[in-house]
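Observations on the model geometry
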Amino acid sequence: QQQVKQSPQSLIVQKGGISIINCAYENTAFDYFPWYQQFPGKGPALLIAIRPDVSEKKEGRFTISFNKSAKQFSLHIMDSQPGDSATYFCAASKDYGGSQGNLIFGKGTKLSVKP
Amino acid sequence: DAGVTQSPTHLIKTRGQQVTLRCSPKSGHDTVSWYQQALGQGPQFIFQYYEEEERQRGNFPDRFSGHQFPNYSSELNVNALWLGDSALYLCASSSLGSNQPQHFGDGTRLSIL
């Protein structure tokens, strides 16, 4: 049973556009929601994370929106650049910070930003 | 400050063999988690080690085992390899209870022939 559902599977955006990736979770005990970026041949790197007491968090061009009642969260990449082309994973965890392991990942979204 | 390092980078094995993968955590981290990432999928949690003990385990058979050493480095062992074990194996380290995120290594690509 997949606990974190991610969409779309792939996304093509023009340079300067907004990329939006959505995730939905089932377990209301989750309390930490990170987004990871992964380039080919590399491990996942943390982009930005949110906790359920906040509805939005922004870091540079990256924003997480969180809807606790709908059990959904999304990543917005503003002014998308070709260097943002990568696979993005949402994840969820029950340990308020993620240090304690057992991150549950979505299946990933392959983003391509066209020049 | 070295991040999480994993070895080897790539490995090719045949069905039925066993394999050992290694991980050195980021400096200052005491906890190591292992994940399996199949092609085109998100990482799946295998288990976590802290103070040389397995602390949590995901839904993986006991063919998957691990170890943590006093210097916090860790090994993942997989016995009786089969084709379905072909994947990228990721190690992530953290400081337990710190509320800081896990840091991932670049993984070991394991191919089973």
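Residues numbered from 1 in each chain as written. Chains lettered and ligands numbered in written order. Predicted model: local features only at pLDDT ≥ 70, side-chain atom pairs only at ≥ 80, totals over all residues. Heavy atoms only, no water.

1. Concerning the interface of chain B and chain A
Taken together, the 26 residues of chain B in the interface contact 22 residues of chain A. Taking both sides of the interface into account, the surface hidden between chain B and chain A amounts to around 1700 Å²; carbon and sulfur atoms contribute 47%. Taken together, the connections running from chain B to chain A amount to one salt bridge. The partner of Lys-42 of chain A in a salt bridge is Asp-106 of chain B, with the nearest N and O atoms 3.6 Å apart. Scanning the region where chain B abuts chain A turns up three residue pairs in polar contact (both at pLDDT 80 or more). When contributions to the side of chain B that touches chain A are tallied by element, the ones reaching two or more residues are β4 (31–37), β5 (44–50), β6 (53–57) and β9 (87–94) of chain B. Per-element tally for the side of chain B that touches chain A: the top contributor is β4 of chain B, with four residues. Of the residues contributing to the side of chain B that touches chain A, the split by class is eight nonpolar, 16 polar and two charged. (Contact = heavy atoms within 4.5 Å. Buried area = accessible area lost by both parts, 1.4 Å probe. Salt bridge = Lys/Arg side-chain N within 4 Å of Asp/Glu carboxyl O. Polar contact = N/O pair within 3.5 Å; in protein donor to acceptor, adjacent residues only side chain to side chain. Helix = DSSP H or I, 4+ residues; strand = E, 2+ residues; numbered from the N terminus. Nonpolar A, V, L, I, M, F, W, Y, C, P; charged D, E, K, R; others polar.)

2. Re the pairing of strand β4 (residues 33–38) of chain A
Residues and elements named next belong to chain A. Burial analysis of β4 places six of its six residues in the buried class, which makes it a mostly covered element. Of the two faces of β4, the one holding Phe-33, Trp-35 and Gln-37 and the one holding Pro-34, Tyr-36 and Gln-38 are both buried throughout. Alignment of β4 against strand β5 (residues 45–50), held across five bridges, turns out to be antiparallel. Of the residues in β5, the one forming a bridge with Gln-37 is Ala-45. Where β4 folds back onto β5 in an antiparallel hairpin, the turn is made up of six residues, including Gly-41, whose phi is positive at roughly 80°. Alignment of β4 against strand β9 (residues 86–92), held across four bridges, turns out to be antiparallel. Bridge pairing in β9 links Tyr-36 to Phe-89. (Buried < 20%, exposed > 50% of the residue type's maximum accessible area, 1.4 Å probe, protein only. Pairing = 2+ DSSP bridges.)

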